[in-house]
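Here is how the chains run, residue by residue.
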Amino acid sequence: MKSLAITCLSTLMLMPSVGLTETLGEADIRRDIIGKTVYLSTPLGGELPLIFRSSGTVDGNGHAIGLGRYVKPSDTGQWWIDANRLCQKFQSWNKGKPMCFELERAGANTIKWTRDNGRTGVARIGN
């Protein structure tokens, strides 16, 4: 019985904490996001890919989710990090206004984002 208790306690200590989130800081964002494609989950089930290039540019392509019916289907902009938030400004998306996101780790290749206007969502990190 004592060895069972020790085994259970050891297992619980090695498991990731459930319900705890890890907010990404600048170093995490640079390591986990920059140079990769981030696939934003959309309400209708598709994904919007955003490529965060190390040069400071971000490219988005909404052709696959039919974004062209509403706005310019693809756009290019700039990204930067401000106070541990990933910020971006596209040429025409969001009327060219900047937006910033707080990012939290939600899994090995998943992040939860909270935009400066309070909207939230999830995204998958690709290569």
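Our structure is the block above this text.
An account of the accompanying structure is given in this report. (Residues numbered from 1 in each chain as written. Predicted model: local features only at pLDDT ≥ 70, side-chain atom pairs only at ≥ 80, totals over all residues. Heavy atoms only, no water.)

1. Here's the deal with the packing of aromatic side chains
Within the structure shown, the criterion is met by two aromatic pairs. Taking the centre distance of 4.8 Å and the plane angle of 50° together, the rings of Phe90 and Trp93 count as tilted. Note on accessibility: Phe90 and Trp93 belong to one class, buried. Note on Phe101 and Trp113: the rings are 5.6 Å apart at their centroids and 85° apart in plane angle, and the pair reads as edge-to-face. Of the two residues, Phe101 is situated in strand β7 (residues 99–107) and Trp113 in strand β8 (residues 110–115); the sequence distance between them amounts to twelve residues. For Trp113, a relative accessible area of 13% translates into the label buried. Of note, Arg124 hangs over the ring of Tyr39, and the distance from its end group to the ring centre comes to 4.2 Å. (Phe/Tyr/Trp six-rings, centres within 6.5 Å; stacked < 30°, edge-to-face > 60°. Buried < 20%, exposed > 50% of the residue type's maximum accessible area, 1.4 Å probe, protein only. Helix = DSSP H or I, 4+ residues; strand = E, 2+ residues; numbered from the N terminus. Lys NZ or Arg CZ within 6 Å of the ring centre and 35° of its normal.)

2. A short note on the state of the cysteines
Evaluation of the coordinates by the stated rule reveals one disulfide. The side chain of Cys87 participates in a disulfide bridge whose partner is Cys100; the two sulfur atoms lie 2.0 Å from each other. Between Cys87 and Cys100, the S-S torsion sits near 105°, and that sign places the bridge as right-handed. Of the two residues, Cys87 is situated in strand β6 (residues 85–90) and Cys100 in strand β7; the sequence distance between them amounts to 13 residues. Residue Cys100 is classed as buried on the basis of its relative accessible area of 9%. (Disulfide = S-S within 2.5 Å.)

3. Overview of the environment of Gly25
One can find Gly25 in the loop between β1 (22–23) and α2 (26–32). For the pair Gly25 and Asn84, spaced 59 residues apart in the sequence, the C-alpha separation amounts to 4.7 Å.

4. Quick word on the pairing of strand β5 (residues 74–82)
Burial of the side chains of β5 is restricted to one face: Asp75, Gly77, Trp79 and Ile81 are buried, whereas none of Ser74, Thr76, Gln78, Trp80 and Asp82 on the reverse face is. Where strand β4 (residues 57–61) and β5 come together, five bridges link them in antiparallel fashion. By the bridge assignment, Asn61 is partnered in β5 with Ser74. Here six bridges tie β5 to β6, and the two strands are oriented antiparallel to one another. (Pairing = 2+ DSSP bridges.)

5. Comments concerning the nonpolar core
Counting residues in each nonpolar core, the largest one holds 22 residues, and the members touching the most others are Ile29, Ile33, Phe52, Leu86, Leu103 and Ile111. Leave out the neighbours within four places in its chain, and Leu86 touches Ile29, Ile33, Ile34, Phe52, Trp79, Trp80, Ile81, Met99, Cys100, Phe101 and Leu103. (Core = buried A, V, L, I, M, F, W, Y, C linked by side-chain atoms within 4.5 Å. Contact = heavy atoms within 4.5 Å.)

6. Some remarks on the side chain of Asp59
With respect to the secondary-structure elements, Asp59 resides in strand β4. When its relative accessible area of 19% is taken as the criterion, Asp59 is described as buried. There is a polar contact of 2.6 Å between the side chain of Asp59 and the side chain of Arg53. Separated by 3.0 Å, the side chains of Asp59 and Thr76 make a polar contact. Once residues within four sequence positions are removed from consideration, Asp59 is found in contact with Pro49, Leu50, Ile51, Arg53, Asp75 and Thr76. (Polar contact = N/O pair within 3.5 Å; in protein donor to acceptor, adjacent residues only side chain to side chain.)

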